[in-house]
Amino acid sequence: AIQMTQSPSSLSASVGDRVTITCRASQDIRNDLGWYQQKPGKAPNLLIYAASSLQSGVPSRFSGSGSGTHFTLTITSLQPEDFATYYCLQDYNYPWTFGQGTKVEVK
Amino acid sequence: EVQLVDSGGGVAQPGGSLRLSCAASGFTFDDYSMHWVRQVPGKGLEWVSLISWDGGTTYYADSVKGRFTSSRDNSKNSLYLQMNSLRTEDTALYYCARSGNGFPLFDYWGQGTLVTVSS
């Protein structure tokens, strides 16, 4: 199975900060990667698919980039509602695999 | 409005069985592949299984292969997960999720149903 290594596992940030989360795949997955946001007690919410395509309804401050084995999720100006846990997910082949998650906390 | 409602969770003993259900509404169910994803409370997400739109293709995580079976009844807009030979490590919140419209990643999720495996 493809291993997805996400970093950092947590970070502290302030409203207005630029935040970057990284995901590395153990093999080339082209651009078959998505990013999800999860808030406590809620199901995850899709932010980005195909590495860089913004899901409908997601604010433009979220962006994704990368291909092959290195991917990033960037939040350009962190808002209060963005404090949550973020996961990457590869859909290149089965079994699909998630990264370990990155918790974005208030500094 | 797309809705997925998960049910069937509960407490089972190690070696026991449970059957989860997911009732879908608000979209043409048999146009979409469906997935199960689980999450140990307070921990990360784990993809469990995929079933294609017609039920003809299924994939499973290695951790559940041979023990779990995903099925669907398109006439009832329903997805199922039969869980046999349950282990304590299967304890988790189980979500059904729909593949996206034009892309494979899940775009809609159920609310989850909690499975606890304990003696």
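Quick note: structure is the one above.
On a predicted model such as this, the values are computed, not experimentally measured, just so you know.

> Can you break down the state of the cysteines residue by residue, with the values?
Throughout the structure, instances matching the rule amount to two disulfides over all chains. The disulfide bridge from C23 of chain A ends at C88 of chain A, spanning 1.8 Å between sulfur atoms. Taken together, the positions of C23 of chain A in strand β3 (residues 19-25) and C88 of chain A in strand β9 (residues 85-90) put the pair 65 residues apart, joining distant regions of the chain. Both residues of the pair, C23 of chain A and C88 of chain A, count as buried. In this model C22 of chain B forms its disulfide with C96 of chain B; the gap between the sulfur atoms is 2.0 Å. Residues C22 of chain B and C96 of chain B share a disulfide whose torsion about the S-S bond is about 50°; that sign makes it right-handed.

> Describe the pattern of salt bridges, with residues and values.
A full pass over the atoms with the stated rule returns nine salt bridges over all chains. Close ionic contact of R61 of chain A with E81 of chain A constitutes a salt bridge, the shortest N to O distance being 3.3 Å. Of this pair, R61 of chain A sits in the loop between β6 (53-54) and β7 (62-67) while E81 of chain A sits in the loop between β8 (70-75) and β9, placing them 20 residues apart in sequence. What makes E81 of chain A partly exposed here is its relative accessible area of 41%. As a salt-bridge pair, E46 of chain B and R38 of chain B come within 2.7 Å of each other at their nearest N and O atoms.

> Just give me the short version of the sheet that holds strand β7 (residues 68-73) of chain B, but keep the residues and values in it.
All names here are of chain B. One open sheet accounts for four strands, arranged β1-β3-β8-β7; its pairing is antiparallel. Every other strand in the sheet has two partners, leaving β1 (3-7) and β7 as the edge strands with one partner each. Taken over all neighbouring pairs, the strand axes of this sheet differ in orientation by 15° on average, direction set aside. Sheet analysis places β7 next to strand β8 (residues 78-83), joined by six bridges and oriented antiparallel. For T69, the partnering residue across the bridge sits in β8 and is Q82.

> Let's hear about the environment of S53 of chain A: which residues, and what values?
Residues and elements named next belong to chain A. For S53, the location among the structural elements is in strand β6. For the pair S53 and D82, spaced 29 residues apart in sequence, the C-alpha to C-alpha distance is 19 Å. Setting aside chain neighbours within four positions, we find S53 in contact with L47 and I48.

> Outline the sheet that holds strand β1 (residues 4-7) of chain A, supporting the account with residue identities and numerical values.
Residue and element names in this part refer to chain A. Pairing is antiparallel in the open sheet, where four strands are placed in the order β1-β3-β8-β7. Each edge of the open sheet carries a strand with a single partner, namely β1 and β7. Put simply, the sheet's adjacent strands are angled 15° from each other on average, direction ignored. Strand direction decides the pairing type here: β3 and β8, joined by six bridges, are antiparallel. Looking across to β8, one finds that I21 is bridged to L73.

Reading the values: rules and limits
Residues numbered from 1 in each chain as written. Chains lettered and ligands numbered in written order. Predicted model: local features only at pLDDT ≥ 70, side-chain atom pairs only at ≥ 80, totals over all residues. Heavy atoms only, no water. Disulfide = S-S within 2.5 Å. Helix = DSSP H or I, 4+ residues; strand = E, 2+ residues; numbered from the N terminus. Buried < 20%, exposed > 50% of the residue type's maximum accessible area, 1.4 Å probe, protein only. Salt bridge = Lys/Arg side-chain N within 4 Å of Asp/Glu carboxyl O. Pairing = 2+ DSSP bridges. Axes fitted to C-alpha atoms, helices over the stretch in contact; angles between N-to-C directions. Contact = heavy atoms within 4.5 Å.

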